[in-house]
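Summary of the model geometry
This is what each chain is made of:
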Amino acid sequence: MNAHLTHSSTTVLELTVSDHPSVLARLTSLCSRRAYTIGAMLYPPAARLPERQLWLLVHSNCAAEQIAQQLLKLEDVRAVRHHGPEHPLLQLAAEQVDHAE
Amino acid sequence: MRLTGAQLVVALLEQQGITTVAGIPGGAILPLYDALSQSRRIRHVLTRHEQGAGFIAQGMARASGRPAVCLASSGPGVTNLLTAVADAMLDSIPLVAITGQVPRALLGTDAFQEVDTYGLSMSITKHNFLVRSAQELTRVIPRAFAIASSGRPGPVWIDIPKDVQTEVCEAIEWPAASPVLPAPAPQVQAVARAAELINQAARPVLYLGGGTVHSRGAAELALALAELASLPCTMTLMALGVVPHDHPLSLGMLGMHAARYTNLVLEECDLLIAVGARFDDRATGDPKRFCESAKIVHIDIDAAELGKIRTSDVSIGADVAATLKQLLRHIEPRTRARWRARVTELKRHFPLLMPRQDDPRSHYGLIRAVASCVDERALICTDVGQHQMWVAQAYPLRRPRQWLTSGGLGTMGFGLPAAIGAALAEPRRTVICFTGDGSLLMNIQELATAAEQRVNLKIVLLNNQSLGLVQQQQSLFYGERRYASRYHTDVDFPALARGFGIQALDLDECAEPLSALRDAVKTAGPCLIHASIDAEAKVFPMVPPGAANREMIGGLQ
């Protein structure tokens, strides 16, 4: 696994968001302004409207809790859960990077 | 009942208790203006620039604590409004901005006066809406007011395409009046732990921020806590007035332009209790070296502020008034005689120096002279720059919401329109707007609005023909290379004011400036009071940007 993906400030956040066309714009705008680098994103079709689940792999110098709190300030973000390094998204992203190299 | 989208907006604003809105019409918002013309409850204040409308709404909101509304058309109306909305975001002011947009079919076609309002406003609002049907308005408008005034307040933007404004709505589901969304309750254990730290502390300081103004009842509770536990109190720029300036526990403002003793007291404290404050760089200096040896209790309704700049020993993410109320039950009375004596000693050795404060022809003297003409019922507004910091240091503020200033964004041009808004919200009070020549010229056109509305507003202009704080930084930190900070045209401000239909007084030409000032302040209606000040005067002490608060320049006896 690559070092930058196992950096201590890499985290996977599972978000419950409103199913709204602008929700991705809001998330990416917040992440870019606060220097939370999005390493990977999983946004499968909704199982249960009007909410959807979204997984974000984020690299940052900020604590995961701080990132979660900033995301929770968005009206369209209803809930945030942290996942540890064992989360499959992190593993998948690492595999993709290894593959590309 | 059949209503157009525009009529629905007006009815929903009336339901929210809105009685005054500020704005400028244009093509894309004309249906809404047409509906507004039929309202018997809402008065429209026509401004000369959309930024003026945004700041007038801010002035109303800051003075009253309730959400206020501004209106603009699409395109340039929107872009002109952005600064005022961003300013509201940084200072947590409840504002609802409503703009017209091109018809739905033209969205995204680069139509006349089309900009991406939604995209532009996204990062400077708590939330924003692009309304896609008239029916949505019954949900969107109450929701916008609820968001603007709940939790940490802030601005909300509603963009309404022109054909949504004209769309006829048949079956209208009237919403209930929007409730303020509940804030998380203070965590009992954290409150108990905070109380324990306060009870044990030898050298505590209470650090009050704008949250103690926004949270209803918090200012009184903070003062009660301070008095019970003998906590010296410092305030951020946003919280000035929460503790009366002459209260024995008041340390005044902290940070970049604090009195030396204030920053030195903070250096020595062993417990910092931050209430509704966000450890802003202008308050803390280098945050790593701010209150280095102190434990920290941080109370804020915005959980994202907890641990954002400094980790704390106890964090409480809840309404500050609710938390202070609980906290007070656990606090043991203390006199802290040694700590209070040490504070007094530091204050005696390192006081705030205000040279020539008895001379109304000096900057400090003029501020004190104006203060002597009014009582604490007056509202004090400022623009941004040297005059703002001198007023923050020298004006005897005594109550929350007495003080209106642009803190977070630091927007020159804020003062005049915000003061007009405050005067509209509080017509029985005198409003004083301290401004500088640089700031005043950024929204000078609103003098026409002030004249038209006959607001009881006294604009006190400290004219140094310069961008004073820029010049100060160039003098101190850029080898005296003053560049682009001096105006070479001597604007005749009294003549300009008279041209707008406003009375003017030039203190430079008065043999008895104090009595002339008193007469001008006592006369109802808008008036410009002009005074030339020394362009070499500086705001001292000053902590260089990025330095620790202990590294102050100037202000020594």
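Before reading further, recall that the structure is shown in the block above.
In this report, we go over the structure that sits alongside the text. (Residues numbered from 1 in each chain as written. Chains lettered and ligands numbered in written order. Predicted model: local features only at pLDDT ≥ 70, side-chain atom pairs only at ≥ 80, totals over all residues. Heavy atoms only, no water.)

What about the pattern of salt bridges?
Pairing between side chains of opposite charge can happen when their charged atoms approach one another. Under the definition given, this model contains 32 salt bridges over all chains. A salt bridge links Arg-398 of chain B to Asp-246 of chain B; its shortest N-O distance comes to 2.7 Å. With Arg-398 of chain B in the loop between helix 16 (386-394) and strand 16 (403-404) and Asp-246 of chain B in the loop between strand 10 (233-235) and strand 11 (250-253), the pair connects residues that are 152 residues apart, well separated along the chain. A cluster of three or more residues bridged by salt bridges with shared partners is formed by Lys-73 of chain A together with Arg-152, Asp-302, Glu-305 and Lys-308 of chain B. (Salt bridge = Lys/Arg side-chain N within 4 Å of Asp/Glu carboxyl O. Helix = DSSP H or I, 4+ residues; strand = E, 2+ residues; numbered from the N terminus.)

Quick look at the sheet that holds strand 3 (residues 51-59) of chain A
Residue and element names in this part refer to chain A. Across the sheet, which stays open at both edges, the 4 strands sit in the order 2-3-1-4 with antiparallel pairing between neighbours. At either end of the open sheet lies a strand with only one pairing partner, and these are strand 2 (37-42) and strand 4 (77-83). Across the sheet, the axes of successive neighbouring strands diverge by a mean angle of 25°, strand direction being ignored. Sheet analysis places strand 1 (residues 10-18) next to strand 3, joined by 9 bridges and oriented antiparallel. Opposite Ser-18, over in strand 3, you have Glu-51 as the bridge partner. The sheet contacts of helix 1 (residues 23-33) involve strand 1, strand 2, strand 3 and strand 4, and relative to strand 2 the element is tilted by about 155°. In this fold helix 3 (residues 88-100) packs onto strand 1, strand 2 and strand 3, with an angle of close to 55° to the strand it touches most, strand 3. (Pairing = 2+ DSSP bridges. Axes fitted to C-alpha atoms, helices over the stretch in contact; angles between N-to-C directions. Contact = heavy atoms within 4.5 Å.)

So, the nonpolar core
All names here are of chain B. Membership of the largest hydrophobic core comes to 78 residues, with the highest contact counts inside it found for Leu-208, Leu-327 and Phe-434. For this core, the leading source of residues is helix 10 (residues 218-229), giving 8 residues. Beyond its immediate sequence surroundings of up to four residues, Leu-327 is in contact with Val-191, Ala-194, Ala-195, Ile-198, Leu-225 and Ile-299. (Core = buried A, V, L, I, M, F, W, Y, C linked by side-chain atoms within 4.5 Å. Buried < 20%, exposed > 50% of the residue type's maximum accessible area, 1.4 Å probe, protein only.)

Thoughts on the pairing of strand 6 (residues 127-130) of chain B
Residues and elements named next belong to chain B. Burial along strand 6 is two-sided: the residues His-127 and Phe-129 and Asn-128 and Leu-130 are all buried. Note that strand 6 and strand 7 (residues 155-161) share 4 bridges and pair parallel. Pairing of Asn-128 across the sheet is with Trp-157, part of strand 7. Assessed by its sense of winding, the connection that carries the chain from strand 6 through helix 6 (residues 137-149) to strand 7 is right-handed. (Right-handed = clockwise from strand over helix to strand, strands pointing away.)

Some thoughts on the side chain of Asn-464 of chain B
All names here are of chain B. Tracing the sequence through the fold places Asn-464 in the loop between strand 18 (457-463) and helix 20 (468-477). For Asn-464, a relative accessible area of 7% gives the class buried. Of note is the side chain of Asn-464, whose polar atom sits 3.3 Å from the side chain of Gln-386. The residues touching Asn-464, leaving out its near neighbours within four places in the chain, are Gln-386, Asp-437, Arg-486, Ile-533, Asp-534 and Ala-535. (Polar contact = N/O pair within 3.5 Å; in protein donor to acceptor, adjacent residues only side chain to side chain.)

What to know about a negative patch on the surface
There is a patch of like negative charges on the surface, built from Asp-490, Asp-492, Asp-508 and Glu-509 of chain B. Its location among the elements puts Glu-509 of chain B in the loop between strand 19 (503-506) and helix 22 (513-522). (Patch = residues over 30% accessible without salt bridge, like charges linked within 9 Å, V, L, I, M, F, W, Y side chains within 5 Å. Areas by Shrake-Rupley, 256 points an atom, 1.4 Å probe, with all protein chains shown as cover. Lys, Arg positive; Asp, Glu negative; His and termini not counted. Charge placed at Lys NZ, Arg CZ, Asp CG, Glu CD.)

A closer look at helix 22 of chain B
Residue and element names in this part refer to chain B. Those residues of helix 22 that sit buried are Pro-513, Ala-516, Leu-517, Ala-520 and Val-521. Along the axis of helix 22, the buried residues cluster in a sector spanning 130°; they form a single face. Of the exposed residues in helix 22, those oriented more than 90 degrees away from the buried face are Asp-519 and Lys-522. The inward-facing, buried residues of helix 22 abut helix 15 (363-373), strand 17 (431-436), strand 18, strand 19 and strand 20 (527-532). (Arc of directions from axis to C-beta.)

Focus on empty space enclosed by the protein
Residue and element names in this part refer to chain B. For the structure shown, the criterion picks out 1 cavity of 30 Å³ or more. What the largest cavity holds in volume is close to 40 Å³. If you trace the largest cavity, you find it lined by Gln-386, Gly-468, Gln-471, Gln-472, Ser-475, Ala-535, Glu-536, Ala-537 and Lys-538. At 4 residues, helix 20 tops the list of elements feeding residues into the lining of the largest cavity. A per-class count over the lining of the largest cavity returns 2 nonpolar, 5 polar and 2 charged. (1 Å grid on protein atoms, 1.4 Å probe; cavity = no way out; pocket = protein on both sides within 12 Å on 5 of 7 lines; lining within 4 Å. Points joined across faces, edges and corners; volume = space filled by probe spheres on them. Nonpolar A, V, L, I, M, F, W, Y, C, P; charged D, E, K, R; others polar.)

Some points on the side chain of Thr-323 of chain B
All names here are of chain B. Mapped onto the elements, Thr-323 comes out in helix 13 (residues 320-330). Thr-323 gets classed as buried once you look at its relative accessible area, which sits at 0%. When neighbours within four sequence positions are excluded, Thr-323 is seen to be in contact with Pro-186, Val-191, Ile-299, Ile-316 and Ala-318.

Nothing here speaks to function; it is geometry throughout.
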